[in-house]
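Fold and contact review
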Amino acid sequence: MGILEGKNILVAGVTMNTSIGYRVAEIAQAEGANVVVSNFGRAMSLTARVLKKLDPVPPLLELDVTDETHLARLPEMLGEHFDHLDGVVHSIAFANPETALGGKFLTTPFADVSTAVQVSAYSMVSLAMACKPMLAANASIVGLTFDARISWPTYDWMGVSKAALESATRYLARYLGPDGVRCNLVAAGPVDTIAKKAIPGADSFNTIWQDRAPLGWDSQDSTPTAKAVVALLSDWFPATTGEMVHVDGGLHSTGA
Ligand code: NAP
């Protein structure tokens, strides 16, 4: 029996089979979960195509986390597939690569900062609240970050947005804990996805990880990250909330 046997899970943020969310959906299914996936806009057709490789093919919902109408109708859309939700995966981020990433930190217009924070951090709360009517008493919400306790080359306002996500997750844990709902993050090392490729200069992360990660790191392999997400969705972390689990080959523990 898998560690997610019979659990109903929403994975929000799958575009390609390289998406971390895709690997989460695949492993969650292998562990017995019933999975629904969401994405938004024009990329929905790409998502629909890659989901065909999963067995069973998960239903695909449209959810733009900046669209209040999408958030408001989410319980109804989920209700077509599930009578409750045991887990939610937030695998969503966006910052304008022209202005908010790649070394333009000092001159980024606030409108682009605002978008980055809304999509990448505030949405953890808006997604959780949209799902709340469906959440089971012991539900688990898991998001993905790139350790934002420190600064990185080129990551700029996405780093600030991730710091906000990390703090917002601790507050979610505080406010949803009394309902039995856990909220945690996985702090992944660099994974070669579309989101990462959109960051100018992000290849430098791979070099940093090759040089410093004690366990080594394969940026083409999202499996270690996805497995940690699935573990946090399961009943095997029943007393863990507000936590950030590093899945980075141990890099965070090194000084140089
Ligand atoms: P990805 O495949 O590009 O996934 C990001 C997803 O966010 C995409 O499906 C994207 O949709 C979606 N998204 C963007 N704006 C949205 C909106 N307004 N509403 C709903 N969905 C939206 O890249 P990924 O690397 O797997 O990213 C997943 C998560 O892991 C992100 O939080 C990312 O920051 C985090 N993470 C990634 C790495 C890494 O090195 N790749 C490391 C640590 C953490 P579209 O494609 O349609 O824009």
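Further up the page is the structure itself.
Now for a look at the structure at hand. (Residues numbered from 1 in each chain as written. Predicted model: local features only at pLDDT ≥ 70, side-chain atom pairs only at ≥ 80, totals over all residues. Heavy atoms only, no water.)

T15, S19, K162, V191 and T193 are the nearest of the 27 residues found near the ligand. Here an oxygen atom of the ligand and a side-chain polar atom of S19 are 2.6 Å apart. Between D64 and the ligand, the recorded distance is 3.0 Å, taken from a side-chain N or O atom to a nitrogen atom. Listing elements by their share of the shell around the ligand, those giving two or more residues are β5 (135-145) and α6 (194-197). For the shell around the ligand, the element with the highest residue contribution is α6, accounting for 3 residues. (Near = heavy atom within 4 Å. Polar contact = N/O pair within 3.5 Å; in protein donor to acceptor, adjacent residues only side chain to side chain. Helix = DSSP H or I, 4+ residues; strand = E, 2+ residues; numbered from the N terminus.)

Attention shifts here to the pairing of strand β2 (residues 34-39). Burial analysis of β2 places 5 of its 6 residues in the buried class, which makes it a mostly covered element. For strand β1 (residues 8-12) and β2, the ladder comprises 5 bridges, and the chain directions are parallel. Bridging from a neighbouring strand, A12 pairs with S38 of β2. A crossover connection joins β1 to the parallel β2 through helix α1 (residues 20-30); in handedness this β-α-β unit is right-handed. In this structure, β2 lies alongside strand β3 (residues 60-62), joined through 3 bridges in parallel fashion. Bridge assignment links V37 to a residue of β3, and that residue is L60. This β-α-β element, β2 to helix α2 (residues 44-51) to β3, shows right-handed connectivity. (Buried < 20%, exposed > 50% of the residue type's maximum accessible area, 1.4 Å probe, protein only. Pairing = 2+ DSSP bridges. Right-handed = clockwise from strand over helix to strand, strands pointing away.)

Moving on to a nonpolar patch on the surface. A cluster of nonpolar residues, F105, L106 and V160, forms a patch on the protein surface that exposes about 300 Å² of accessible area. With respect to the secondary-structure elements, L106 resides in the loop between β4 (85-90) and α4 (110-131). (Patch = residues over 30% accessible without salt bridge, like charges linked within 9 Å, V, L, I, M, F, W, Y side chains within 5 Å. Areas by Shrake-Rupley, 256 points an atom, 1.4 Å probe, with all protein chains shown as cover. Salt bridge = Lys/Arg side-chain N within 4 Å of Asp/Glu carboxyl O.)

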